[in-house]
Protein chains: 2
Amino acid sequence: MNEINSQISQQLSGYRRTIDNIDAALVFMLAERFRCTDDVGVLKAVNSLPAVDAEREKSQVERLRRLATGAGLDPEFVEAFFTVVVSQVVRNHQYIAQRLASAPKQMS
Amino acid sequence: MNEINSQISQQLSGYRRTIDNIDAALVFMLAERFRCTDDVGVLKAVNSLPAVDAEREKSQVERLRRLATGAGLDPEFVEAFFTVVVSQVVRNHQYIAQRLASAPKQMS
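Conventions adopted
Residues numbered from 1 in each chain as written. Chains lettered and ligands numbered in written order. Predicted model: local features only at pLDDT ≥ 70, side-chain atom pairs only at ≥ 80, totals over all residues. Heavy atoms only, no water. pLDDT = per-residue confidence, 0-100. Helix = DSSP H or I, 4+ residues; strand = E, 2+ residues; numbered from the N terminus. Axes fitted to C-alpha atoms, helices over the stretch in contact; angles between N-to-C directions. Parallel < 35°, antiparallel > 145°, perpendicular 65-115°, else oblique. Left-handed = near helix turned anticlockwise from the far one by under 90°. Contact = heavy atoms within 4.5 Å. Nonpolar A, V, L, I, M, F, W, Y, C, P; charged D, E, K, R; others polar. Least-squares fit on C-alpha atoms with pLDDT ≥ 70 in both. Salt bridge = Lys/Arg side-chain N within 4 Å of Asp/Glu carboxyl O. Buried < 20%, exposed > 50% of the residue type's maximum accessible area, 1.4 Å probe, protein only.

## So, the confidence of the model for chain A
All names here are of chain A.
Here comes step 1: Looking at chain A as a whole, the pLDDT averages 91, with 95% of positions reaching at least 70.
Here comes step 2: Taken element by element, the predicted model of chain A shows its lowest mean pLDDT in helix H3 (residues 75–102) (91) and its highest in helix H2 (residues 54–70) (96).
Here comes step 3: As scored by the predictor, the complex reaches a pTM of 0.89 and an ipTM of 0.89.

## Points about the packing of helix H1 (residues 2–46) of chain A against helix H2 (residues 54–70) of chain B
Here comes step 1: Orientation of H1(A) relative to H2(B), taken along the N-to-C sense of each, is 30 degrees, at an axis distance of 10 Å. Considered as vectors, H1(A) and H2(B) are oriented roughly parallel to each other. Handedness of the H1(A)/H2(B) crossing: right-handed. Along its contact with H1(A), which presents Arg16(A), Ile19(A), Asp20(A), Asp23(A), Ala24(A), Val27(A) and Phe28(A), the element H2(B) presents Arg56(B), Gln60(B), Arg63(B), Leu64(B), Leu67(B) and Ala68(B).
Here comes step 2: A breakdown of the residues in the contact of H1(A) with H2(B) according to their chemical character gives seven nonpolar, one polar and five charged.

## A few points about the relation of the copies chain B and chain A
Here comes step 1: The transformation that overlays chain B on chain A combines an axial shift of 0.0 Å with a rotation of 180 degrees, and the residual RMSD is 0.0 Å. As the rotation angle and translation indicate, the two copies are arranged about a two-fold axis. By C-alpha distance to the rotation axis, the residue of chain B lying nearest is Leu26(B), at 3.2 Å.
Here comes step 2: Mapped onto chain A, 100% of the interface residues of chain B are again interface residues, and the two copies thus contact each other with one and the same surface.

## Looking at the pattern of salt bridges
Here comes step 1: The full count for this structure, using the stated rule, is 14 salt bridges over all chains.
Here comes step 2: With its nearest N and O atoms 2.5 Å apart, the salt bridge here joins Arg33(A) to Asp23(B). A residue pair is termed interchain when its members come from two chains, as with Arg33(A) in helix H1 and Asp23(B) in helix H1 (residues 2–46). Of the two residues examined, Arg33(A) and Asp23(B), each falls in the buried class.
Here comes step 3: One salt bridge connects Asp20(B) with Arg56(A), and the closest N-O pair in it is separated by 3.2 Å. Of this pair, Asp20(B) sits in helix H1 while Arg56(A) sits in helix H2, placing the two residues on different chains.
Here comes step 4: For Asp20(B), a relative accessible area of 18% corresponds to the buried category.
Here comes step 5: Among the ionic contacts, a cluster of salt bridges with common partners joins Arg65(A), Glu76(A) and Glu79(A).

Right, here's the structure in full:
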């Protein structure tokens, strides 16, 4: 019985190491995504472009749902996840625009 | 003026290609994570282990917040993201346990 428990425990530990590695990868990919969207935020703010592009978001959701289905992942979950990420991006963009608007103008 | 617009548009397209690549990576990493947690769900159900391990979740959150801070990512955002993922994992585990419980027993 103890041997069986030890086998189960080892199997569980193995799965958890994989999950921990994947989670680290997700965190670093998300960090890189926000670095990139922050650059987009600066580009949009400097050039007075609108923060939200509904057409672009629609095509992103469609693509992600397609990718999710192909990867055996629930497209509803991926859409919900994407919505959480985009909400944070919009908040970041608003913060960037405010920061740039309140920064002292450079003398030329 | 048109040349400037074209430059901005090209820059934006470049950023968007990066974001789309990262999003695809995120979807595939999430798919792999759920494949792994589904295996954990089967292991737990077959061995009548509890679906939730509060101690494990606590240490995961602490580690992810640490990784997020190191990567320049808001730890609050990462914790919220993790909560969404884990809620889905628990739903999947409950579904797996129900499915296994209602499956006809194999004759030995």
